[in-house]
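# Tertiary structure, described
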Amino acid sequence: MSGIIAGQHTSSLTLVSASYADPVTNLGTIDVTASGPALYAASSWSVVNLGTIIGENTSGSSGIRLAGGGSVVNGASGLIEGYFAVTLGAGGYVSNASGGTIDGYAIGVLGMTAASTVINRGAIIGANASLSGSAGIFLTGGGYVSNAASGTISGALGVYGVASAAALGLVNDGQIAGTQADGVQFGVLGAGSAFVSNASGAGIYGSSVGVRSGGVPLTILNAGSIIGKNFIGVWLESGGTLTNEAGGTVAGYSGFDGGPSAASTIVNAGQLLGGFQDIILVGGGYVSNASTGTIFAAGDAIYAPGSFGGGGIRATTVINAGTIEGTNGSGIDMFVGGFVSNTALALISGGNACRDDRQCGRHQLLQRGRTIRRRRTHQRGGRHDRRCRKRLRWG
């Protein structure tokens, strides 16, 4: 019984107690040409890789597959490849050192059934971005991901996680990219929970959405960058909380979208930017914009339909001490009324600086700063509404 794998191997190795110790360390090269895992254990096992482990790129093949779960530690010189580079069949633990590479043709790390923890300081890749479901990390039983400042995680999806009555968490100090879809996508059912923390200097990029969640409210703390290039920066389908600190940036075609099933809370001291609309609160909610905060969109800066999508009528509250600007739309547009407080030296600016489309009598504005309505005529209901043609200033 040996705790060391050395030399060259072109056939799959199976870890059994009669032949290998637990934990086992690979110092050699396992490079198989047949489908299936390059290194396999039916039961829980611990593997340390300081060499090279390469499985085939055929569907279902893995570099390392631990069917019963376990742990994989990939060292600074380690390389693990396969259709799924690392598969944990019953959850477990993966650590990838700085300089280490876990490169899956479809998925870098696949955690199944139970919770998995992934600690990354190197590179975790789902290389074939054209494959549906390709991801750097794909967790089906919940778990936790920590990506250090030296770490990169990439795939069609950067990090994907689902859980049932369990927790999902991400702490990012490095770079995460979803090159064809979302940077981070979480879904939690039942009594679970979910959070994302993105540190100063860190980045989460999605070709579609930066961070997306559903099932339960998601909590996001951002001091870095969250970008949804072609769609939404942060999309909370089931509501939640976004805290964007000074120096933090959230941007997309829409910067933020809160779903209809629950209210959302935004506390902003950084930049929230939308190419079309910035903050969309379909289910209503609360927005606090600090003196250092900017909420900007080419259309409406804050758009709050409140009852759209069958989620029930929920008004919106906005407390502004910074800048809210919708250059070609409204600074704030509310369908079902709400409350706006604009403090001294603060600015709300747009075609309709502060507009309530449905229940004007239920809209309250506490004005100390400036609210600017630019000269513009709005077409609505087959007639021109000229209430906002007059330029008004308060403060």
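Up top is the structure.
Cut-offs and rules
- Residues numbered from 1 in each chain as written.
- Predicted model: local features only at pLDDT ≥ 70, side-chain atom pairs only at ≥ 80, totals over all residues.
- Heavy atoms only, no water.
- Helix = DSSP H or I, 4+ residues; strand = E, 2+ residues; numbered from the N terminus.
- Buried < 20%, exposed > 50% of the residue type's maximum accessible area, 1.4 Å probe, protein only.
- Contact = heavy atoms within 4.5 Å.
- Areas by Shrake-Rupley, 256 points an atom, 1.4 Å probe, with all protein chains shown as cover.
- Phe/Tyr/Trp six-rings, centres within 6.5 Å; stacked < 30°, edge-to-face > 60°.

Time to look at the overall build of the protein chain. Along the protein chain, the regular secondary structure elements total 0 helices and 42 strands. The buried share among the 395 residues of the protein chain stands at 54%. A separation threshold of at least 6 residues defines the contact pool for the protein chain, and within that pool the share at least 24 residues apart is 47%. Total accessible area on the protein chain is roughly 14,700 Å²; 54% of this is exposed by carbon and sulfur atoms.

Turning our eyes to something else, we now look at the packing of aromatic side chains. Under the counting rule described, the total for this entry stands at 5 aromatic pairs. Arranged with centres 4.5 Å apart and planes meeting at 35°, the rings of Phe138 and Tyr160 form a pair that is tilted. Of this pair, Phe138 sits in strand S16 (residues 135–139) while Tyr160 is found in strand S19 (residues 157–164), placing the two residues 22 residues apart along the sequence. Ring centres of Tyr253 and Phe276 lie 5.5 Å apart, and the angle between their planes is 20°; on these two criteria the pair is classed as stacked. Of the two residues, Tyr253 sits in strand S29 (residues 249–258) while Phe276 sits in strand S31 (residues 271–281), which places them 23 residues apart along the sequence.

Its location among the elements puts Ser264 in strand S30 (residues 264–268). Look at Ser264 and you get buried, because its relative accessible area is 1%. Setting aside residues no more than four positions away along its own chain, Ser264 makes contact with Gly239, Gly240, Phe256, Gly258, Leu281, Gly284, Gly285 and Tyr286.

Looking now at unusual backbone geometry. Residue Pro23 follows Asp22 across a cis peptide bond; omega there is 15°. With respect to the element layout, Pro23 can be found in strand S4 (residues 20–26). In this structure, Thr113 is a non-glycine residue whose phi angle is positive, near 70°. On the secondary structure map, Thr113 appears in the loop between strand S13 (101–111) and strand S14 (116–120). Taking relative accessible area as the criterion, Thr113 reaches 64% and is therefore assigned exposed. We note that Leu345 has phi near 75°; this positive angle belongs to a residue other than glycine. Inspection of the secondary structure puts Leu345 in the loop between strand S37 (338–342) and strand S38 (347–356). What makes Leu345 exposed here is its relative accessible area of 86%.

Taken by themselves, the reported measurements are silent on function.
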